[in-house]
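The lines below spell out each chain.
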Amino acid sequence: MYSIYEVIYTCPNCGGLLEVQHDTEALRTRSADEWKKLFDDRVGSTEWPYGSGVWGKKEWIMPTIADDNVVSMYEGNSNLFWAERLGRQIGLSDLWVKLCGNSHTGSFKDLGMTVLISVVKQMQADGVPVGAVGCASTGDTSAALAAYAAAAGIPAVIFLPEGRVSPAQLIQPIANGAFVLALDTDFDGCMRVIREITQDSDSDDSSIYLANSMNSLRIEGQKTIGIEIVQQFDWEIPDWIVIPVGNLGNISALYKGLKLMLDLGIISRLPRLVAAQAAKANPFYLSYLNGFSEKVSVEAETTLASAIQIGDPVSYDKAVQAIQETDGIVEQVEEHEMAAAAAMADATGMYTCPHTGTALAALFKLLQRKVIGSNERVIVISTAHGLKFTPFKVGYHEGTLTEVESDLANPPVYLPADADIVRDAIQRRLS
Ligand SMILES: *Cc1c(COP(=O)(O)O)cnc(C)c1O
């Protein structure tokens, strides 16, 4: 056992990832109904920091941090969108999309980063030297790290795979003043370099504290996703939760939050989890096909779903448990399937990123194969905001994406400023 304030990421004996252990016995001193009431009362609270969707559950996340050291943007409490029209089109009446991209930096990575940066601030207050925080990223982790670090006044160092993140994601850490390194490699290459630079327990004034999801503190914040979904349904459990996966930290976190609720008697069963991968970066899918008898790693190919373009997932073991313990499924989708699913969702009022498209496309397939029933309640986790992926949207509607047929393309019509011509064009479109 180690303190959460120690600089350590992996087990010195087995090399596996560490996990934050809560004192579940102590948490049982409140009944299930008392927890529900406490958490419900804090939604929308102005009492620092409990109005945050993460810190509103502080006792389950990081109870020992002083409120003054919490670094929060009031993340979480994102909208659970009833996708009524899309659901009708695909024959699923109870389809909901958890819009986690409606957050400070536009992705669900804010949920974990508020916890990690708060712990670093607490460590600094306690006299532990941390020179900077750092991460390897496919875009969203670095945006979240840079923003929270900047808010706390802690230097951030970002390792990005050159040319493999969207322009919006690249500019976020630059704007927030982080030291941005674009390395001539892929995400897995960036991850290898930062693991070498940030060794366990070598804290000194110039040390870099690792902020990737292999740092178990991130998982504590991310695990509120599942808790929040259940809370938003007045503590009813959905049948399925579908989530796009890359490095596998988030599905592990989702499971951890749900399992804690089960252990505390707040829910009586677990929803089934679906992990959705791009076929171009599908190591977890391949491991699933071999019954998880061994971990498969691949060299990830270029995919539109760039935030999950990962070939050697770090949180593999925890994610296997998440799938096995929930009777879960891993599905993969082609580029044209994710693009079509995203476009279809957008046409019903959403604005989906390619990863959300990946999760939706996986759902469509499972529904078609009748693995998921048309009367079941399904939640799709939308992991980032579509506005972070403008080239994906533009490319789709201009018909320029590779391997994608833009059947739902809706390009603008260019006309002279003549009322008769304009009226004709509108009439043709509406008829
Ligand atoms: C990080 C991320 C994921 C996947 O999370 P992992 O923990 O890497 O599996 C999915 N979608 C988006 C937009 C992300 O930023």
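Fair warning: this is a prediction, and the values are worked out from it, not measured in the lab.

1. As for the packing of aromatic side chains
(1) Moving on: Across all of its chains, the model carries eleven aromatic pairs by this definition.
(2) Moving on: Ring centres of F284 and Y316 lie 6.1 Å apart, and the angle between their planes is 90°; on these two criteria the pair is classed as edge-to-face. Placement of the pair is F284 in helix α12 (residues 283-289) and Y316 in helix α13 (residues 316-325), with a sequence separation of 32 residues. Accessibility classification places F284 together with Y316 in one group, the buried group.
(3) Moving on: Relative to Y316, the ring of F292 lies with its centre 6.4 Å away and its plane at 70°, an arrangement referred to as edge-to-face. Note that F292 is positioned in the loop between α12 and α13 and Y316 in helix α13, a separation of 24 residues in sequence. No difference in accessibility class separates F292 from Y316, as the two residues are buried.
(4) Moving on: Connected via pairs of aromatic rings, a cluster forms that spans F284, Y288, F292 and Y316.
(5) Moving on: Over the ring of W35 we find R30; its NZ or CZ atom is 4.8 Å from the centre of that ring.

2. Considering the pairing of strand β4 (residues 156-161)
(1) Moving on: For β4, the buried fraction is high: six of the six residues fall into the buried class.
(2) Moving on: Across the two faces of β4 the burial is the same, with A156, I158 and L160 and V157, F159 and P161 all buried.
(3) Moving on: Alignment of strand β3 (residues 132-136) against β4, held across four bridges, turns out to be parallel. Considered in β4, the bridge of C135 is made with I158.
(4) Moving on: Running through helix α6 (residues 140-152), the crossover from β3 to the neighbouring parallel element β4 is right-handed.
(5) Moving on: Bridge count for β4 against strand β5 (residues 179-183) is five bridges, and the pairing is parallel. Looking across to β5, one finds that V157 is bridged to F179.
(6) Moving on: Running through helix α7 (residues 167-175), the crossover from β4 to the neighbouring parallel element β5 is right-handed.

3. Observations regarding the state of the cysteines
(1) Moving on: The tally for this structure, following the rule as stated, stands at zero disulfides.
(2) Moving on: Not engaged in a disulfide, the cysteine C11 finds its nearest cysteine sulfur in C14; these two sulfurs lie 3.6 Å apart.
(3) Moving on: Under the relative-accessibility criterion, C11 is labelled buried at 18%.
(4) Moving on: With relative accessibility at 61%, the residue C14 sits in the exposed group.

4. What about the site of the ligand?
(1) Moving on: The immediate surroundings of the ligand are formed by 15 residues, with K109, D140, G246, N250 and T383 found nearest.
(2) Moving on: The backbone of N247 places a nitrogen or oxygen atom 2.8 Å from an oxygen atom of the ligand.
(3) Moving on: Between G249 and the ligand, the recorded distance is 3.1 Å, taken from a backbone N or O atom to an oxygen atom.
(4) Moving on: For the ligand, whose unbound accessible area comes to 380 Å², protein coverage reaches 97%.
(5) Moving on: In a pocket analysis with a 2 Å cut-off to the grid points, the ligand is assigned to the largest cavity.

5. Some thoughts on the sheet that holds β4
(1) Moving on: Ordered in space as β5-β4-β3-β6, the four strands form an open sheet in which the pairing is parallel. In this open sheet, the two strands that pair with only one neighbour each are β5 and β6 (208-210). The average angle at which neighbouring strand axes cross in this sheet is 25°, direction not considered.
(2) Moving on: Across the sheet, helix α8 (residues 187-197) lies against β3, β4, β5 and β6, angled at about 150° from β4, the strand it touches most.

6. Things to note about helix α16 (residues 390-398)
(1) Moving on: When we look at burial in α16, the residues that qualify are F392, K393, G395 and Y396. For α16, the angular spread of the buried residues around the axis is 165°, confining them to a single face.
(2) Moving on: On its buried face, α16 sits against α14 (335-346) and α15 (354-368).
(3) Moving on: Of the residues flanking the end of α16, it is G399, one or two places downstream, whose phi is positive at about 70°.

About the cut-offs
Residues numbered from 1 in each chain as written. Predicted model: local features only at pLDDT ≥ 70, side-chain atom pairs only at ≥ 80, totals over all residues. Heavy atoms only, no water. Phe/Tyr/Trp six-rings, centres within 6.5 Å; stacked < 30°, edge-to-face > 60°. Helix = DSSP H or I, 4+ residues; strand = E, 2+ residues; numbered from the N terminus. Buried < 20%, exposed > 50% of the residue type's maximum accessible area, 1.4 Å probe, protein only. Lys NZ or Arg CZ within 6 Å of the ring centre and 35° of its normal. Pairing = 2+ DSSP bridges. Right-handed = clockwise from strand over helix to strand, strands pointing away. Disulfide = S-S within 2.5 Å. Near = heavy atom within 4 Å. Polar contact = N/O pair within 3.5 Å; in protein donor to acceptor, adjacent residues only side chain to side chain. Areas by Shrake-Rupley, 256 points an atom, 1.4 Å probe, with all protein chains shown as cover. 1 Å grid on protein atoms, 1.4 Å probe; cavity = no way out; pocket = protein on both sides within 12 Å on 5 of 7 lines; lining within 4 Å. Sits in = over half its atoms within 2 Å of the grid points. Axes fitted to C-alpha atoms, helices over the stretch in contact; angles between N-to-C directions. Contact = heavy atoms within 4.5 Å. Arc of directions from axis to C-beta.

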